[in-house]
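These are the residues of each chain, in order.
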Amino acid sequence: MAKNLVIVESPAKAKTIKKFLGKDYEVIASYGHVRDLPKSTMGVDPEDDFEPHYITIRGKGEVLAALRKEVKKAKKIYLATDPDREGEAISYHLAIALKLEKGKFQRITFNEITKNAVKESIKNAREIDMDLVDAQQARRVLDRLVGYEISPLLWQKVKRGLSAGRVQSVALKMICDRENEINAFIPEEYWTLDAQLVCPGNKSAVPFHYSKDIANAAEADKIMKAAEKGEFVITEVKEGTRTRKAPLPFTTSTMQQDASSRLNMATSKTMSLAQQLYEGVDIKGRGTVGLITYLRTDSVRISEEADAAARDFIKDNYGEEYVAEVTSDGNKGKRIQDAHEAIRPTYIDITPESVKDDLPRDLFRLYQLIYNRFLASRMKQAVYKTCAVTVESNGERFKATTSSLSFAGFTSVYAQKNEENDDKIKNIDGLKEGEKLKFSAFESKQHFTSPPAHFTEALLVRTMEENGIGRPSTYAPTIGTILNRRYVVKENKNLYATELGEAVNGIMEKAFPVIIDTEFTANMESLLDKIGEGVIDWKVVVRNFYPDLDVAVKNAEKVLENVHIADEVSDTVCDECGRMMVIKYGPHGKFLACPGFPECRNTKPYYEKIGVACPKCGKDLITRLSQKGRRYYGCIGYPECDFMSWAKPSEEKCPRCGQYMVEKGNKLFCSNQECGYVIPKAKQEKED
């Protein structure tokens with residue numbers, strides 16, 4: 001008997017959906033896109049009104065053959081790819097590649113992979129939205145025109161293998177501009193001054209901060225001398241309360257930012273884990289379950305059903321006083337790309353604790369973050385009791401403030417980073433105006449203003465979002481591209497432009513200032529949104545964009561000078577000709593090559609040393625990759641020495657058993673599991 005066929009992108013998603021639909025439905029995966037522009041040529045013909053020429057993606061022949069077999073047997077076909085432009089385009093290309101007859105197939109979308117959502121989507125099946133397909137196609141064509149017109153110019157002027165992109169070049173410019181700001185920054189001196197005053201009933205003194213800016217040491221001395229001549233009298237005691245609003249549920253951007261700052265996750269890893277949570281993971285007793293809603297969104301809207309379920313859960317588990325009366329959607333006046341909800345758990349009753357044993361560590365941590373953020377967004381604000389005491393002595397004013405949590409509200413599930421440690425040590429309650437405080441000492445400190453902060457992945461995502469650069473689906477790939485191209489390196493979370501990145505940015509600034517202009521790029525994103533809304537024809541946007549690009553490329557070929565980027569010299573001597581070998585980059589990462597090429601063609605593997613001696617033989621430990629791409633640490637003397645460790649070894653020895661210790665998070669663990677000794681890294685560094 002013929003079945004209904006549902007086509008999704010991934011096997012995990014297929015497995016999750018299959019259990020909701022029963023025996024009358026077959027669910028199979030396309031494994032993502034099946035058609036795309038060719039890699040070997042531009043695939044877009046400006047002479048033919050920018051008509052794109054799609055081909056079957058290499059390796060997808062067998063997938064399409066399997067899909068065609070199922071299509072022939074099916075009585076109805078549902079294309080259930082992701083609910084965004086990219087998903088719409090995948091469905092469109094599936095319909096073309098499989099030669100689906102009109103009337104035999106329909107498009108379905110769901111924001112969460114639950115039984116109700118999937119069945120409801122089938123009831124509301126529709127035609128493919130060609131406006132969304134055109135918006136994706138316009139982005140793809142624009143990016144292809146920029147990349148394939150400018151990249152050969154970079155090969156010619158700098159070196160082969162480089163690339164330019166409509167969004168990646170803007171992100172690179174942001175990082176280079178920030179580096180220039182930091183390099184040009186001139187620190188300015190300023191001072192802080194505390195008066196240590198003993199309050200009645202206290203043995204220890206409380207620091208009262210001087211209330212104005214102090215420019216230099218002479219000014220600080222002048223203030224101290226003046227204040228010492230008088231008595232420190234309380235002139236004002238101000239008690240009150242302040243509130244902290246609950247956070248909004250996650251968008252793609254805010255999820256990436258919080259995962260970076262709280263969990264130390266790169267944006268690419270965050271999106272990969274979130275994709276797994278959305279498509280489905282195996283939960284004991286439940287089978288395969290999609291734990292979160294769709295992960296690519298810039299909306300903070302929540303469905304009425306999910307909102308009501310969360311409020312009931314809070315009422316039952318925390319008390320009615322914790323339930324927020326009204327929750328702001330936070331989207332007034334803001335452009336929202338798609339009609340998605342915010343990122344939230346699909347089932348409020350599946351708490352992080354209940355699935356902890358079923359999820360790998362990082363998957364659990366991200367789910368916990370998403371779950372707690374959503375729960376907090378439905379809770380009341382936190383309330384703090386505040387007290388501010390002002391004292392004066394000979395006209396000089398000092399102030400002490402304190403705050404204490406009086407109602408936890410949302411912080412009971414989602415405490416902010418560096419949560420409320422604002423002068424809690426100060427015991428200034430009960431002080432009254434007119435009281436005199438006993439002077440103990442002054443503490444003055446010299447400071448200098450700090451330059452702007454280096455970009456981190458989280459800060460770059462936030463800045464791109466604020467400037468309208470890119471969309472939820474593009475943040476992680478954009479950052480991944482500039483890192484993979486080695487235009488940018490990441491050290492201790494900070495992003496730094498390399499010499500290569502600065503050279504590429506210099507060329508882009510000189511030859512293509514419009515393309516890397518933030519306002520221009522943001523406006524282009526807005527035009528793509530209007531294409532998706534059916535307001536503008538996609539070819540009109542491309543037609544208006546291309547002529548200026550074409551002129552700029554032809555002019556750049558004439559006026560730009562070649563840029564030489566020297567290879568990084570290693571400490572390894574070429575054993576064939578005696579030159580110092582240089583670090584090169586290939587498809588599989590770094591390797592060592594002789595600079596005497598082509599006379600000398602000697603190459604060697606590049607070993608990234610971690611600065612720790614092998615506990616087994618004393619040689620250097622290096623970073624290696626397993627066959628599945630997982631990083632581990634092994635001895636450079638392999639195969640003579642077979643030492644390996646999945647966790648990064650430390651130079652520290654266990655004080656209890658003498659074995660080497662390994663780094664895990666912010667702690668050092670003894671490698672001998674039977675010993676179990678642990679040292680907080682911060683403590684160990686302090687001792688050093």
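Use the structure listed above.
Calculation notes
Residues numbered from 1 in each chain as written. Predicted model: local features only at pLDDT ≥ 70, side-chain atom pairs only at ≥ 80, totals over all residues. Heavy atoms only, no water. Axes fitted to C-alpha atoms, helices over the stretch in contact; angles between N-to-C directions. Helix = DSSP H or I, 4+ residues; strand = E, 2+ residues; numbered from the N terminus. Parallel < 35°, antiparallel > 145°, perpendicular 65-115°, else oblique. Contact = heavy atoms within 4.5 Å. Nonpolar A, V, L, I, M, F, W, Y, C, P; charged D, E, K, R; others polar. Pairing = 2+ DSSP bridges. Buried < 20%, exposed > 50% of the residue type's maximum accessible area, 1.4 Å probe, protein only. Phe/Tyr/Trp six-rings, centres within 6.5 Å; stacked < 30°, edge-to-face > 60°. Patch = residues over 30% accessible without salt bridge, like charges linked within 9 Å, V, L, I, M, F, W, Y side chains within 5 Å. Areas by Shrake-Rupley, 256 points an atom, 1.4 Å probe, with all protein chains shown as cover. Salt bridge = Lys/Arg side-chain N within 4 Å of Asp/Glu carboxyl O. Lys, Arg positive; Asp, Glu negative; His and termini not counted. Charge placed at Lys NZ, Arg CZ, Asp CG, Glu CD.

Participant: Looking at this model, I keep getting lost on the packing of helix 16 (residues 518-532) against helix 17 (residues 538-559). Mind explaining?
Facilitator: Relative orientation and spacing of two packed helices are given, respectively, by the angle between their axes and the distance between those axes. At a minimum axis distance of 9 Å, the contact between helix 16 and helix 17 shows a crossing angle of 155°. Between helix 16 and helix 17, the crossing angle belongs to the class labelled roughly antiparallel. Of helix 17, the residues touching helix 16 (which contributes Phe-520, Met-524, Leu-527 and Ile-531) are Trp-538, Val-541 and Phe-545. Residues of the contact of helix 16 with helix 17, tallied by class, amount to seven nonpolar, no polar and no charged.

Participant: Any chance you could explain the sheet that holds strand 26 (residues 644-645) here in plain terms?
Facilitator: Note on sheets: strands pair through backbone hydrogen bonds, and any given pair is parallel or antiparallel. The four strands are arranged 23-24-25-26 in an open sheet whose pairing can be described as antiparallel. Single-partner strands in this sheet number two, and they are strand 23 (608-613) and strand 26. Two elements, strand 23 and strand 24 (residues 620-625), share three bridges in a ladder whose sense is antiparallel. Counted as the bridge partner of Glu-608 is Thr-623 from strand 24.

Participant: What is the right way to look at unusual backbone geometry in this model?
Facilitator: Glycine aside, residues mostly have negative phi, and peptide bonds are mostly found in the trans state. Cis peptide bonds are those with omega within 30 degrees of zero, and the linkage from Phe-597 to Pro-598 qualifies with 10°. Mapped onto the elements, Pro-598 comes out in the loop between strand 21 (589-593) and strand 22 (603-605). Looking along the chain, the bond that leaves Tyr-638 and enters Pro-639 is cis, with omega of 15°. With respect to the helices and strands, the residue Pro-639 is situated in the loop between strand 25 (631-635) and strand 26. Phi is positive for Asn-492, which is not a glycine, with a value near 50°. Along the polypeptide, Asn-492 turns up in the loop between strand 17 (488-491) and strand 18 (494-497). With a relative accessible area of 77%, Asn-492 lands in the exposed category. One non-glycine residue with positive phi stands out, namely Lys-493, at about 80°. Given a relative accessible area of 31%, Lys-493 falls into the partly exposed group.

Participant: Looking at this structure, I do not really get the packing of aromatic side chains. What am I missing?
Facilitator: For any pair of aromatic rings, the description rests on two quantities: the centre-to-centre distance and the angle between the ring planes. Across all of its chains, the model carries 16 aromatic pairs by this definition. Ring plane angle 70° and centroid distance 5.3 Å describe the contact between Phe-50 and Tyr-546, whose orientation is recorded as edge-to-face. A residue pair is termed long-range when its members are at least 10 positions apart, and Phe-50 in the loop between strand 4 (44-45) and strand 5 (51-52) and Tyr-546 in helix 17 qualify at 496 residues. Residue class for Phe-50 comes out buried when judged on its relative accessible area of 6%.

Participant: It is not clear to me how a positive patch on the surface should be interpreted in this structure. Could you clarify?
Facilitator: A surface patch of like charges, here positive, comprises Arg-68, Lys-69, Lys-72 and Lys-99. With respect to the helices, strands and loops of the structure, Arg-68 is situated in helix 2 (residues 61-73).

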